[in-house]
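Each chain is listed here by its residues.
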Amino acid sequence: MTSPQASHASVKADASQAFSHKLSSVADAVEAFLAERLGPETQTGEITRPARLMEAMRHAVLGGGKRLRPFLAVETVRMLGGSEAGALAAGSAIELVHCYSLVHDDMPAMDDDDMRRGKPTVHKAYDEATAILVGDALQTLAFEILADAAWQPDPSIRADLVLGLAKASGLGGMVGGQILDLGAEGRFGAVSLDVEDTLQLQAMKTGAILAFSVDAGALVGGATPDQRAALWRYGLALGQAFQIADDILDREASPEAMGKATGKDKDAGKATLVDRLGIDGARAECDRLVGICEEAVSTWGDKAQTLREAARFTVARKV
């Protein structure tokens, strides 16, 4: 006779397996979409595609990553009943911006990393000048995709997507958060960040793009203003939880599991909630943020199950 505990564990394992399958399925679709966009054939309006640049861009983008950002866009659209093709394109554009940021972050002037996703970083596999240009090209390609009517026929939605990604990735979002992060290392003079300062830094550096991934799904899916506000709350909390979980992994996971060096954030004196709250406090904060995520999508009931699971996955992941 099966015990209640064993039955519960089996149901939980089945749910986890189903979620992993969904994540993998979207990742495969994103990989195919991006591989096509990064092919060698010259596109309309282009003069040529330099072979070295295209090879290095594919090195930076293809063959790795969970593709969580496009997954959030696609699953938000699925919940709302919108265009999955439009969400896949928007999510893939966001993924290109994420990949560009990793290429630049890995460079000697920034985090100075040799490995990313289990293979040499772009500046190691090629050179620093190529890595800079790869990041530039990935960023502009992202906006090219968002502005293409083939994926989103409504010009007002295209405009909102372009504006949203520009804000999330620019001076008030990811890039601004990056320079605050460098400052937190003491690069520009002595600093002392409290919990609120650290939360602000992380909301910009990591959270803004993740929150916009959900918002992009809301835009493509035709969310009402109230629905969009609820999904924005979900995205902000998810982004914060993701960064805290990442900081915990940097302390506890092995380089082999992560596919990159670990422990460097602590050595560099980077601002993290783990330093401010301790490991146990950081985990408790992750749990609190997951609760906010679940409350934000509660009005959708069972339709929001995948988004709830995405929040739990974010804090439970091991890589």
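What comes next is a walk through the structure.

What counts, and at which threshold
- Residues numbered from 1 in each chain as written.
- Predicted model: local features only at pLDDT ≥ 70, side-chain atom pairs only at ≥ 80, totals over all residues.
- Heavy atoms only, no water.
- Helix = DSSP H or I, 4+ residues; strand = E, 2+ residues; numbered from the N terminus.
- Contact = heavy atoms within 4.5 Å.
- Polar contact = N/O pair within 3.5 Å; in protein donor to acceptor, adjacent residues only side chain to side chain.
- Patch = residues over 30% accessible without salt bridge, like charges linked within 9 Å, V, L, I, M, F, W, Y side chains within 5 Å.
- Areas by Shrake-Rupley, 256 points an atom, 1.4 Å probe, with all protein chains shown as cover.
- Salt bridge = Lys/Arg side-chain N within 4 Å of Asp/Glu carboxyl O.
- Buried < 20%, exposed > 50% of the residue type's maximum accessible area, 1.4 Å probe, protein only.
- Expected span 1.5 Å × (residues − 1).
- Bend = angle between axes of the 7 residues up to and from the residue.

### Re the environment of Thr206
For step 1, the next point in the chain: Structurally, the position occupied by Thr206 is in helix H9 (residues 195-220).
For step 2, the next point in the chain: Put simply, Thr206 and Gly239 are 33 residues apart on the chain and 6.3 Å apart in space, counted from C-alpha to C-alpha.
For step 3, the next point in the chain: When sequence neighbours within four positions are dropped, the list of residues in contact with Thr206 reads Gly239, Phe242 and Gln243.
For step 4, the next point in the chain: Of the polar contacts made by the side chain of Thr206, one reaches the side chain of Gln243; its length is 2.3 Å.

### Digging into a nonpolar patch on the surface
For step 1, the next point in the chain: Residues Ile179, Leu180 and Phe188 make up a contiguous nonpolar surface patch of roughly 310 Å² in combined accessible area.
For step 2, the next point in the chain: Tracing the sequence through the fold places Phe188 in the loop between helix H8 (174-184) and H9.
For step 3, the next point in the chain: For Phe188, a relative accessible area of 58% translates into the label exposed.

### A short note on unusual backbone geometry
For step 1, the next point in the chain: We note that Arg67 has phi near 60°; this positive angle belongs to a residue other than glycine.
For step 2, the next point in the chain: Relative to the helices and strands, Arg67 is located in the loop between helix H2 (51-61) and helix H3 (68-80).
For step 3, the next point in the chain: We classify Arg67 as buried; its relative accessible area is 2%.
For step 4, the next point in the chain: Its identity is not glycine, yet Asp112 carries a phi of approximately 55°, on the positive side.

### Overview of the environment of Ala166
For step 1, the next point in the chain: Residue placement: Ala166 occurs in helix H7 (residues 155-169).
For step 2, the next point in the chain: Between the C-alpha atoms of Ala166 and Ile209, which are 43 residues apart in sequence, the distance is 9.8 Å.

### Remarks on helix H13 (residues 273-296)
For step 1, the next point in the chain: With 24 residues, H13 extends only 23 Å from end C-alpha to end C-alpha; this falls clearly short of the ideal 34 Å at 1.5 Å per step.
For step 2, the next point in the chain: For H13, the principal kink sits at Ile279 and spans about 95°.
For step 3, the next point in the chain: Leu273, Val274, Ala282, Glu285, Cys286, Leu289, Val290, Cys293 and Ala296 are the residues of H13 that are buried.
For step 4, the next point in the chain: Against the buried residues of H13 lie H9, helix H10 (225-252) and helix H14 (305-316).

Worth remembering: the numbers are spatial, not functional.
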